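# Survey of secondary and tertiary structure
Residues per chain are reported as follows:
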Amino acid sequence: MIRPTKGKTPRRPAPKKPTNNQKDPVGVYCRVRPLGADDEECCVEVISSTTIQLHAPDGLKANRNGEFKETQYSFKKVFGIKTTQRELFEDVAKPLVDDLIHCKNGLLFTYGVTGSGKTHTMTGSPGQGGLLPRSLDMIFNSIGPYQAKRFVFKPDEKNGMEVQNQVDALLERQKRESQQSVPKTPSSRQKVDPEFADMISPEDACKCEGVDEDSSYSVFVSYIEIYNNYIYDLLEEAPFDPIKPKWNGGGTPLRTNTEFIAPQSKILREDQNHNMYVAGCTELEVKSTEEAFEVFWRGQKKRRIANTQLNRESSRSHSVFIIKLAQAPLDADGDNVLQDKNQVNVSQLCLVDLAGSERTSRTRAEGSRLREAGNINQSLMTLRTCIEVLRENQMCGTNKMVPYRDSKVTHLFKNYFDGEGKVRMVVCVNPKADDYEETMLVMRFAEMTQEVEVARPVDRPICGFAAGRRQRNQAFKEELSRRLEERGGPVDGEPPSTLSQLQNLPPVPSCEISDPSDDLTLPRVIECMEKRMKMRQMFTEEYNKAANMLKSMLQDLDGKLLSKENFLHEQRGKLGEKDKMIQNQKNEIDRLEKKSKMLEYKIDILQKTTNIYEEDKRSLQQELDSREHRLQRELSEKKRMEARLHGMVSDEKLRWQKECERRVNAKELEMQNKLWVKDEKLKQLKAIVTETKTDSRPEKPQRPSREKDRVPAKRSASPSPVPTTQPVRPMHRRSHSAGAERWVDHKPSTNVELDTVMQPNVPKAIKVTAPSEKALSKCDKYMLTHQEVASDGEIQTKLIKGDVIKTRGGGQAVQFTDIETLKQETPVAPSRKRRSSETGPNQDDKDGDWTDVETRCSVAVEMRAGSNLGPGYQHHGYPKRRKP
């Protein structure tokens, strides 16, 4: 039979280098750890599944406006304090593991302040495994049945992978097994370390879907540490020589091989694909989750020993755990790995636990510790600078050089930001108030990081073999084993596909001839052989017919395939033209997007500037309004003071005018009284002279009435020169208020009735005890009778007069214009003794005093000015007292 030749279809052409058309932003997640038992104040609040809010703690200085501003930050997703490790892994790391199995790279790093839960998020604890052990568990659950044997894949120490045949891999395994006499690494079959036992429960196990069953896989892990900007291999083992002693680098030999030897730093190199890798880094092949995590835990122990021996803090270094997955397709038989290095795909997932982000002053470090802390902060600052430059280049369309080489961390992972894989970051937050300022800086960096876009990785080329080779090979082996068991062994020269046809041929009879006269055996054999020959010829004719038919069908198919290829060539030409058009349109779209981003960036800057100006405007407007209000108050106060002063000046001016008028009138009255007194003296002298000539003894004047019996006359401005001697009769004094106007005579009920002769009498007046609007509306004048006790104990009556005026509101008001005073006095009784010292003791001499010229002149002079009575009625019978 004709056996089909083993061949392989040509490889598909490698895809073009991916452009920046398809980009994804850096996925930034936030996880808030629970508040510690000793912490009381919380400064972080989860608003929603994508937003958190920071509150300024008590005692922190306020901003320039005197207020505490609450800031909000948005992320792809926010995980609260009740989030489990499984939920975090499902959202953050599981897609990266899925991409790893499908030949795509990934970078996941935790970032935050020291003590914010980065290590717990990455590593976890027994029963609560973190992202790293869950990623390893998912990888081995997915590729477990399809793993290649050890040493089939072998690192080439240039960031590549070689494929060995089965013989070389077997020799390599035997060589390594022979070296186990001096064990270097703990065997995976030993007892599991209790520190990382039961990291993941069976019910939390997950598996990737869509794993290529026609490929073979191997997992390699490496573990490095970046401290003080130096790279150290945590899985490197120093060779042990039992003869030569170890040296610790300081000139002192080590006593035992268990003492610590300072590791040597590694350098970064670039492979042929321009990817960065750590040269000379140990890469161990692992076959299970337990073995991989045991290798990780061994690196952790070595890291702790180094920190203890070198007196450094573990939180001040970056740790990087690299998982490499090598996969290659099976050959056409589906039995062995294809011996082609170009068909090997190597994808890697980097899990990075960054050092704590905090200010140097807070670490309280001194000397070398201070320099080391500064280097750690410098590496984180370089990471922030690279993110800022990437963001500026993408948003503004600039082409600034990103300073990856300034730090080992950024230099190692620069390929991820250039489009070699997905990048995700978990920001860990401690809500206590002491970390408020550092947490705010971390939030700003995280918010800026998620604005950076990374080119989406493309699918790797796959082998052109038919799918299902592993299953068909397995099924063929099972069927062959079954048939061999049925037949008892294989038939030489016959393929398994002809077994059914051979069973239909007649059996060959026995060829043994025991008797020379036997004529039946040989003809029977010849007949059988002829039948078999005929059947063989028939099978050959059928086979030829089938071959010819198949050949014609293949020719027809070739013709159709050629026409299809021509059609496809034409369609490819058209598709190429369409691709060019699409590419041109994409380029135009990219240009417009860059322009749009640049304009959005400018708009953002202008918006921020506008907001600043608006805030300044509001503050200035508030200040202006406050000053205007203060000015208005001052103006109103000034107006009130001016009105008050004006009123005071007016009152004072009116008072002084009245006082001046009173003084002038008093002075004029005094002068008139003096002139009148002089006139009276002259008249009296003239009368005395005249009476002396006509009559030697003048008539004795009548005694004037007592002061209380006389009615006081009103003092006139022009005194009457002729004295009146008419008798006084009691009569009512007419008030100055009498006139044609109508008066309101207001006499309170509390006034005391006096038995004085002179009483104010106003005709046609409305007498009231309390003023009323009705009475005031009918009158033009108003008079109030007021009584008070004078300084000498006598009752004094005042008549307060005023004009009734109408107001704008329709009411009445009284404006006072004048006051009259009525006073009743009780004079002291004068002495009634006659002046007899000059005339002698005779009674007649007493009467002679009234005729004495000197006495009468003194009496005339003593008469008060303005009286209507003559000097006889003003004489009180005693001379004027002189002041001592």
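Residues numbered from 1 in each chain as written. Predicted model: local features only at pLDDT ≥ 70, side-chain atom pairs only at ≥ 80, totals over all residues. Heavy atoms only, no water.

## Some words on the sheet that holds strand β3 (residues 44–46)
- If you trace the three strands from one edge of the open sheet to the other, you get β3-β4-β5, paired in antiparallel fashion. Looking at the sheet topology across the chains shown, the edges are occupied by β3 and β5 (71–74). Across the sheet, the axes of successive neighbouring strands diverge by a mean angle of 25°, strand direction being ignored. (Pairing = 2+ DSSP bridges. Helix = DSSP H or I, 4+ residues; strand = E, 2+ residues; numbered from the N terminus. Axes fitted to C-alpha atoms, helices over the stretch in contact; angles between N-to-C directions.)

## Some thoughts on a negative patch on the surface
- Residues Asp 38, Glu 40, Glu 41, Asp 58 and Asp 434 make up a contiguous surface patch of negative charge.
- Structurally, Glu 40 is set in the loop between β2 (27–32) and β3. (Patch = residues over 30% accessible without salt bridge, like charges linked within 9 Å, V, L, I, M, F, W, Y side chains within 5 Å. Areas by Shrake-Rupley, 256 points an atom, 1.4 Å probe, with all protein chains shown as cover. Salt bridge = Lys/Arg side-chain N within 4 Å of Asp/Glu carboxyl O. Lys, Arg positive; Asp, Glu negative; His and termini not counted. Charge placed at Lys NZ, Arg CZ, Asp CG, Glu CD.)

## As for the sheet that holds strand β25 (residues 795–806)
- The mixed open sheet is built from five strands, whose spatial order is β23-β22-β24-β25-β26. Strands at the two margins of the open sheet, each flanked by one partner only, are β23 (765–768) and β26 (812–823). The sheet shows a mean angle of 25° between the axes of neighbouring strands, taken without regard to direction.
- Alignment of strand β24 (residues 781–789) against β25, held across nine bridges, turns out to be antiparallel. Opposite Leu 784, over in β25, you have Ile 800 as the bridge partner.

## Concerning the nonpolar core
- By size, the foremost hydrophobic cluster in this structure holds 53 residues, and its most contacted members are Ile 52, Phe 75, Phe 413 and Met 443.
- The biggest single contributor to this core is helix α11 (residues 436–449), with seven residues.
- Excluding residues within four positions of it along the chain, Phe 75 makes contact with Val 28, Cys 30, Thr 50, Ile 52, Met 443, Ala 446 and Gln 450.
- By size, the runner-up hydrophobic cluster in this structure holds 44 residues, among which are Leu 131, Leu 234, Leu 235 and Ile 323. (Core = buried A, V, L, I, M, F, W, Y, C linked by side-chain atoms within 4.5 Å. Buried < 20%, exposed > 50% of the residue type's maximum accessible area, 1.4 Å probe, protein only. Contact = heavy atoms within 4.5 Å.)

## Comments concerning the packing of helix α2 (residues 94–101) against helix α4 (residues 131–143)
- Contact geometry for α2 and α4: axes closest at 10 Å, N-to-C directions at 40°. The angle between α2 and α4 places the two elements in the oblique class. Seen from above, α2 lies across α4 with right-handed handedness. Across the interface between the two elements, Lys 94, Val 97, Asp 98, Leu 100 and Ile 101 from α2 touch Ser 135, Met 138, Ile 139 and Ser 142 from α4.
- The class makeup of the residues in the contact of α2 with α4 is five nonpolar, two polar and two charged. (Parallel < 35°, antiparallel > 145°, perpendicular 65-115°, else oblique. Left-handed = near helix turned anticlockwise from the far one by under 90°. Nonpolar A, V, L, I, M, F, W, Y, C, P; charged D, E, K, R; others polar.)

## Things to note about the packing of aromatic side chains
- Summed over the entire model, instances satisfying the criterion amount to 10 aromatic pairs.
- Judged by centre distance (5.0 Å) and plane angle (40°), the ring pair of Tyr 223 and Phe 296 falls under tilted. With Tyr 223 in strand β12 (residues 215–227) and Phe 296 in helix α6 (residues 289–310), the pair connects residues that are 73 residues apart, well separated along the chain.
- Residue classification places Tyr 223 among the buried residues on the basis of a relative accessible area of 2%.
- Its relative accessible area of 2% is what places Phe 296 among the buried residues.
- Aromatic ring contacts, followed pair by pair, group Tyr 223, Phe 293, Phe 296, Trp 297 and Phe 321 into a single cluster.
- Positioned above the aromatic ring of Phe 445, the side-chain terminus of Arg 384 is 5.8 Å from the ring centre. (Phe/Tyr/Trp six-rings, centres within 6.5 Å; stacked < 30°, edge-to-face > 60°. Lys NZ or Arg CZ within 6 Å of the ring centre and 35° of its normal.)

## Things to note about the confidence of the model for the protein chain
- Overall, the prediction assigns the protein chain a mean pLDDT of 77, with 73% of residues at 70 or greater.
- The low-confidence segment residues 489–500 (pLDDT under 50) makes 10 contacts with residues lying over four places distant or belonging to another chain.
- Confidence over residues 829–884 falls short of pLDDT 50; this stretch has 71 contacts with residues more than four positions distant or in other chains. (pLDDT = per-residue confidence, 0-100.)

## Overview of a positive patch on the surface
- Together, Arg 742, Lys 764, Lys 774 and Lys 778 line one region of the surface with positive charge.
- Tracing the sequence through the fold places Lys 764 in the loop between β22 (743–746) and β23.

## What about the pattern of salt bridges?
- In the structure shown here, the tally under the stated rule is 30 salt bridges.
- The shortest N-O distance in the salt bridge between Arg 627 and Glu 623 comes to 2.9 Å. Note that Arg 627 and Glu 623 are positioned in helix α14 (residues 521–694) at a spacing of four residues, about one turn of the helix.
- Between Glu 652 and Arg 655 there is a salt bridge whose closest N-O contact spans 2.2 Å. Of this pair, Glu 652 and Arg 655 are both found in helix α14, three residues apart, which corresponds to roughly one turn of the helix.
- When its relative accessible area of 35% is taken as the criterion, Glu 652 is described as partly exposed.

## Digging into α6
- An ideal rise of 1.5 Å per residue puts 32 Å on 22 residues; α6 measures up with 31 Å between its terminal C-alpha atoms.
- Note on α6: the residue one or two positions beyond its end, Asn 311, has a positive phi of about 55°. (Expected span 1.5 Å × (residues − 1).)

## A short note on the environment of Ser 222
- Within the secondary structure layout, Ser 222 lies in strand β12.
- Overall, the relative accessible area of 4% leaves Ser 222 in the buried class.
- Spatially, the C-alpha atom of Ser 222 lies 8.3 Å from that of Lys 324, the residues being 102 residues apart in sequence.
- Apart from residues lying up to four places away in sequence, Ser 222 is in contact with Leu 235, Cys 281, Thr 282, Glu 283, Val 320, Phe 321 and Ile 322.

## Overview of the pairing of β25
- Between β24 and the antiparallel strand that follows it, β25, lie five residues; Gly 793 among them carries a positive phi value of about 90°.
- Bridge count between β25 and β26: 11 bridges; the pairing is antiparallel. Paired with Lys 806 across the strands is Gln 812, a residue of β26.
- Between β25 and β26, which pair antiparallel in sequence order, lie five residues; one of them, Gly 810, sits at a positive phi of approximately 95°.

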